[in-house]
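Architecture at a glance
What follows is each chain in one-letter form.
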Amino acid sequence: MLPIIIREARDEDRPWAAEVLSTQEPWTTLGVSYETCLKNCSDPDLHFYVAEREGVRCGLLLIHPKGLAGSPYIKTIATDPGFRGSGAGLDMMHFAEEKYGQRTGHIALCVSSFNVRARAFYEKLGYRKVGELEDYLIPGASEWIMIKKTR
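A few points on the structure.

1. Description of the packing of aromatic side chains
Under the counting rule described, the total for this entry stands at four aromatic pairs. Ring geometry for Tyr 49 against Phe 95: centres 4.8 Å apart, planes inclined by 70 degrees, an arrangement best described as edge-to-face. Of this pair, Tyr 49 sits in strand E2 (residues 47-53) while Phe 95 sits in helix H4 (residues 88-104), and the two are 46 residues apart along the sequence. When sorted by exposure, Tyr 49 lands in the same class as Phe 95, which is buried. Seen from their ring centres, Tyr 122 and Tyr 127 are 6.1 Å apart, and the 65 degrees between their planes marks the pair as edge-to-face. You'll find Tyr 122 and Tyr 127 in the same group, each marked buried. These aromatic residues form a ring-pair network of at least three members: Tyr 49, Phe 95 and Tyr 100. Positioned above the aromatic ring of Trp 144, the side-chain terminus of Arg 119 is 4.0 Å from the ring centre. A cation over an aromatic ring shows up here: Lys 129 above the ring of Trp 144, its NZ or CZ 4.2 Å from the ring centre.

Cut-offs and rules
- Residues numbered from 1 in each chain as written.
- Predicted model: local features only at pLDDT ≥ 70, side-chain atom pairs only at ≥ 80, totals over all residues.
- Heavy atoms only, no water.
- Phe/Tyr/Trp six-rings, centres within 6.5 Å; stacked < 30°, edge-to-face > 60°.
- Helix = DSSP H or I, 4+ residues; strand = E, 2+ residues; numbered from the N terminus.
- Buried < 20%, exposed > 50% of the residue type's maximum accessible area, 1.4 Å probe, protein only.
- Lys NZ or Arg CZ within 6 Å of the ring centre and 35° of its normal.

Structure (structure tokens):
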């Protein structure tokens, strides 16, 4: 199997990314529309990357380089459902940590309390919960603030 390549996103990647995001968790439970996802994928403050295997898009990453107290903040990471378990998510996390986390020594993200699979993934990678925003996006759910030391 050929390796996953992570590249800067192009304009034609934005509709695909918005479709991937708006049709799966946690965005469906949070009620985030395609239009909102498309807007996020066009935010000039965010760095937008696409993961590919053999020229086929398999994942995306949106990161704010100074998003949480000056440290990089992973706003969104998602794998196309057809590529789950392919290593794309892991490769994108390592990419973010290497490219952005070394500057400040930390990298941050938020994960929804109901997104148990994602929480376990981040914990396995060494992220730890440092805060919780209760009833933040929807009633009855929290957003966990997670941080990882990268050096």
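Having seen it, we continue.
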